[in-house]
Amino acid sequence: MPPEEGMTPIVRNTTRLVSGFIVVFGTYIALTGHLGPGGGFAGGVILAAAGALVVLSFGRRVSSSLITEPTCHVADAAGAAGFLALAMLGYMVGGFFVNFLPVGRLHRLDSAGIIPLANLAILVKVGAGLVGAFLALSAFRPGRRSVLDDGTADGRDGRREI
Amino acid sequence: MSMAIYLLTFGLLIVGIYAVVAKKNVVKIIVGVLIIDYAVNLLLVLVGYRTGGQAPIQAADETAAQMATVAVDPLPQAMVLTSIVIGLALTALMVAMAIRLHEKYGTFDMDRIRQLRG
Amino acid sequence: MNALVPLFVAVPLGAAFVIVALAHAGGLKRLTGPLAVAAVVYNLVAAVIFLGVGDLSVFVGGWGGPGKTLGIEMVCDGLAKLLLVTINLVALVSIVYARGYMRRFTRVWLFEALFLLMTGAMNGVVLAGDLFNLFVFLEIAAIASYALVGFGCEAEELEAAFKYLVLGAVGSAFILLGVTVLYSLTGHLNMAKVAQLLPAAAGPATMLAAASLLGGLALKAAMVPFHAWLPDAHPSAPAPISAMLSGVLIKASGVYALARIVFNVLGPSHPYATILMVLGTLSMVVGVLLAIGQWDFKRLLAYHSISQMGYVVLALGAGAGVVAAGGERAIAALCIFGGLFHLFNHAAFKSLLFLSSGSIEQQAGTRLLKEMGGLSRRMPATSFCCRIGALSIAGVPPFNGFFSKLVIIVALMLSGHPVLAVVAVGVALMTLLSFVKVQRYALEGAPGARSAEATEAPASMVVAMASLAVVCLVAGLAMVLLRDHLFTPAGDALLRGFEGAKDLVTGAMP
């Protein structure tokens, strides 16, 4: 099956059932980063796994209505700009990146000031960035022409083993 | 036990350097760079290790001072997280360049990707 | 004022993110270029304003701790201010030049975003007061530069970018190894605290840390055993990126980090001073010998970068040697002044030369000296600026290169290295020879096959080159003024060494 078409109905149905849960799990890991292991980057990688799963099982033609490279660029920039805006808002209380939300009691989800919000921004950025990288890399087609015109490019001279 | 682990980490570093220096396939060179990166990350985590220590997460019935006496050092873990992200960005860039190199040269062999001389 | 220090990094980064978002917003796409120029203008103006303020330091985040010193420190002392002015000046000139040069590329917004990332990260490198923060910003600048070197996506550019990437990644891994060992020895990452705790924890591990750090940073600074990436990477990049790489990246991430670590963290002792002097001498001599036989203009300029960086590192090493031997502070200050002055001058004239080579490449279509000729008649403004750049690097008065090389040679004689002073004079003569060849083949003579129809470059490129030419002329004549306001505070920051550690870290130390 060519990559534009997608995979078999079994894979597609399983993805329909599972991908939502993967997104929720990634967001959970990101939001509880101040209480346990994880945080923004780990959550973003899980989110990107969901995105890659959708693109692979449904094929480029169907998934490109939802997940395209420009969307990923804009989401990436929005996440990063959100993180920087959070840091700049710290100037209201005295300096760059200073905490301005109440710290709260230990072990609660709404404790630790701006850290959950920062984790959320990183989640968006890393997820969008990795899905964008995946989309850009999956456009690979093996090179048939070559600037070395000595007729020995890979594919024509299959005996070379390096 | 402790010295052997550090020596193994340096051994991993040497394996990575060997792959970068001696291999001719572009993909193998990329894997070599990754191995070097992960070897240094591993050494960084090992530096913070405390024998018999626990994860640096404060349980509900502990104070911060009690946790500090039994936990492993959390600062190298934060550094390693940053370093892994840097390694990821480097990997993505390397793989993208390898793909483009194949589009232009038609091969992954470093001996033949030698237009620039002098 | 303290709280505004992180803005040097935040403004270019924020502008880069906004540019990526604007580029997909349809009609607002035209704003990306002016936004990039505005961000760099802010940085340069802020850097000049900060020159008049004293030493600043801020602990980002304000997390308290004993004496309010817990956290990542950003330090803006004399050396940081000198490099801030240098980086932002060259960045402004390059981004203005790029408005004219990058018109033939698609996705110019991507170039501008990566450029701003690189500039913001280099500002972060010179402001870092913390070893790991230095490493992180070094990596951001390096990764942005790998992508920018291969921006044109032609075969040669990709090959050069890949080689640069692999060598740079290995160098960065060694820098991280050095930081790891230093952390395991002292338990702190703050440069001032490590400097205080390191003598007590000395041992064989210190040598491992120093060797890895110096090796990795020498690779970033393109010193001679580790220079193999530079002659491929700098010519293949687009001209404004060549100017940024040769003009500031090897200085901010290479020479500045070397100086900061040897003087302020490890302490200037005999082994480190000797290593710096050996690296400097080798680079000086090998760079110029390899440059003489080059016929590709940009490759010749790249080899000369190696040689001139050798001058800077040699002067800094001589200063470290004088401090280690307990000599007079005035002689050490003179050595360091010569090195830092040459660093600033090299940023100015090397960027000017790379920008003019890009202009010649765009208008005449060639980089080979034998195919150029007679350009002084066809492209008068470009060739005038190129001539000023060539005279500066060759060390002809009254341009700035003459004064800085003179100070270095006198300082070498005074600090007890007459042989090295003679070698420096010889290298200067060979540099002069090499640039006489450039002027003879590129600017004089009969027009070559490709340069017969060359026209003058667009206005933005000429304005950029002319500004750098003015800086080359003024920096030489105003040497005493610059020395008092710019270079003496920078030299003092390096020479303070251990005393500076106590000043910058407020609060009690265990």
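For clarity, every value in this text was computed on a predicted model and none was experimentally measured.

**Things to note about the overall build of chain B**
Thinking step 1. A tally of regular secondary structure across chain B gives 4 helices and 0 strands.
Thinking step 2. Written out in order from the N terminus, the α and β elements of chain B read α-α-α-α.
Thinking step 3. Scaling as 2.2 N^0.38, a compact globule of 118 residues should have a C-alpha radius of gyration of about 13 Å, whereas chain B reaches 20 Å, well beyond that.
Thinking step 4. Oriented by its inertia axes, the alpha-carbon framework of chain B measures out at about 65 × 30 × 20 Å.
Thinking step 5. Buried residues in chain B amount to 30% of all 118 residues.
Thinking step 6. Restricting to contacts in chain B with at least 6 residues of sequence separation, those with at least 24 account for 55%.

**Brief notes about the overall build of chain A**
Thinking step 1. Each helix and strand counted, chain A has 4 helices and 0 strands in total.
Thinking step 2. Secondary structure elements of chain A occur, N-terminal to C-terminal, as α-α-α-α.
Thinking step 3. Taking the intrachain contacts of chain A between residues at least 6 apart in sequence as the baseline, contacts between residues at least 24 apart amount to 67%.

**Notes on the environment of Q308 of chain C**
All names here are of chain C.
Thinking step 1. In this structure, Q308 sits in helix α12 (residues 297–324).
Thinking step 2. In this structure Q308 comes out as buried when scored by C-beta crowding, with 25 C-beta atoms within 10 Å.
Thinking step 3. Sequence-wise, Q308 and P397 are 89 residues apart; in three dimensions their C-alpha atoms are separated by 17 Å.

**Some thoughts on the interface of chain C and chain B**
Thinking step 1. Contacts between the two partners involve 28 residues from chain C and, on the opposite side, 26 residues from chain B.
Thinking step 2. At the level of secondary structure, the elements contributing two or more residues to the side of chain C that touches chain B comprise α5 (131–149) and α6 (155–186) of chain C.
Thinking step 3. Top element by residues in the side of chain C that touches chain B is α6 of chain C. It accounts for 17 residues.
Thinking step 4. Within the side of chain C that touches chain B, the residues separate by chemical class into 19 nonpolar, 4 polar and 5 charged.

**Observations regarding the confidence of the model for chain A**
All names here are of chain A.
Thinking step 1. On average, chain A scores 83 in pLDDT, and the residues at 70 or more come to 85%.
Thinking step 2. Averaged pLDDT values for the elements of chain A fall to 91 in helix α2 (residues 40–63) and rise to 93 in helix α1 (residues 9–31).
Thinking step 3. Below a pLDDT of 50 lies the segment residues 151–162, which in the model reaches 13 contacts outside its immediate sequence neighbourhood of four places, other chains included.

**Observations regarding α5 of chain C**
Thinking step 1. Under the 1.5 Å per step criterion, the end-to-end length of α5 of chain C is 27 Å for 19 residues, consistent within 8% with the ideal 27 Å.
Thinking step 2. Burial within α5 of chain C is extensive, with 19 of its 19 residues counted as buried.

**Description of the packing of α12 of chain C against helix α17 (residues 418–443) of chain C**
Describing two packed helices takes the angle between their axes plus the distance from one axis to the other.
Residues and elements named next belong to chain C.
Thinking step 1. Two elements in contact, α12 and α17, have axes separated by 12 Å at closest approach and are oriented at 160°. Here α17 runs roughly antiparallel to α12, going by the angle between their axes. Viewed along their axes, α12 and α17 form a crossing whose handedness is left-handed. Each of F297, L300, H304, S307, Y311 and L314 in α12 lies in contact with α17, whose residues at this interface are L420, A424, V427, T431, S434, V438 and A442.
Thinking step 2. For the contact of α12 with α17, a count of residues per class yields 9 nonpolar, 4 polar and no charged.

**Thoughts on the packing of helix α2 (residues 32–50) of chain C against helix α4 (residues 108–127) of chain C**
Residues and elements named next belong to chain C.
Thinking step 1. Viewed as axis vectors pointing N to C, α2 and α4 meet at an angle of 15°, and their least axial separation amounts to 10 Å. The angle between the axes of α2 and α4 places the two elements in the roughly parallel class. As for how α2 packs across α4, the hand of that crossing is left-handed. Packed against α2, whose contacting residues are T32, G33, A36, A39, V40 and N43, the element α4 presents W109, E112, F115, L116, T119 and N123 at the interface.

**Looking at the confidence of the model for chain B**
All names here are of chain B.
Thinking step 1. Taken as a whole, chain B shows an average pLDDT of 87; of its residues, 96% reach a score of 70 or greater.
Thinking step 2. Least confident of the elements in chain B is helix α3 (residues 64–70), whose mean pLDDT is 79; most confident is helix α2 (residues 26–47), at 94.
Thinking step 3. Of the two predicted TM-score estimates for the complex, the pTM is 0.92 and the ipTM is 0.94.

**What to know about the environment of A98 of chain B**
Residues and elements named next belong to chain B.
Thinking step 1. Topologically, A98 is positioned in helix α4 (residues 74–105).
Thinking step 2. A tally of 20 C-beta atoms within 10 Å means that A98 is categorised as buried.
Thinking step 3. Sequence separation between A98 and I30 is 68 residues, and the spatial gap between their C-alpha atoms is 8.8 Å.
Thinking step 4. Once residues within four sequence positions are removed from consideration, A98 is found in contact with V26, V27 and I30.

**Concerning unusual backbone geometry**
All names here are of chain C.
Thinking step 1. Residue P398 is bonded to the preceding P397 through a cis peptide linkage, with omega at 0°.
Thinking step 2. By secondary structure assignment, the location of P398 is in the loop between α15 (380–394) and α16 (400–414).
Thinking step 3. Residues other than glycine seldom take positive phi values, yet A222 does so here, at roughly 60°.
Thinking step 4. Within the fold, A222 resides in the loop between α8 (204–220) and α9 (230–236).
Thinking step 5. Here A222 falls in the buried class, since 27 other C-beta atoms lie within 10 Å of it.

**Notes on the environment of A3 of chain C**
Thinking step 1. Mapped onto the elements, A3 of chain C comes out in the segment before α1 (7–22).
Thinking step 2. For A3 of chain C, a count of 16 C-beta atoms within 10 Å translates into the label partly exposed.
Thinking step 3. Taking C-alpha positions, A3 of chain C is 26 Å from L495 of chain C, a pair spaced 492 residues apart along the chain.
Thinking step 4. If sequence neighbours within four positions are ignored, A3 of chain C has contacts with Y91, G94, G95 and F96 of chain A together with V58 of chain C.

**A short note on the pairing of strand β2 (residues 72–76) of chain C**
Residues and elements named next belong to chain C.
Thinking step 1. Most of β2 is tucked away: 4 of the 5 residues are buried.
Thinking step 2. Sheet topology places strand β1 (residues 56–60) next to β2; 5 bridges connect them, and they run antiparallel. Residue F59 lies in a different strand from β2, and its bridge partner there is E73.

Calculation notes
Residues numbered from 1 in each chain as written. Chains lettered and ligands numbered in written order. Predicted model: local features only at pLDDT ≥ 70, side-chain atom pairs only at ≥ 80, totals over all residues. Helix = DSSP H or I, 4+ residues; strand = E, 2+ residues; numbered from the N terminus. Rg over C-alpha atoms; globule rule 2.2 N^0.38 Å. Buried ≥ 20, exposed ≤ 12 C-beta atoms within 10 Å, placed from the backbone. Contact = placed C-beta atoms within 7 Å. Nonpolar A, V, L, I, M, F, W, Y, C, P; charged D, E, K, R; others polar. pLDDT = per-residue confidence, 0-100. Expected span 1.5 Å × (residues − 1). Axes fitted to C-alpha atoms, helices over the stretch in contact; angles between N-to-C directions. Parallel < 35°, antiparallel > 145°, perpendicular 65-115°, else oblique. Left-handed = near helix turned anticlockwise from the far one by under 90°. Pairing = 2+ DSSP bridges.

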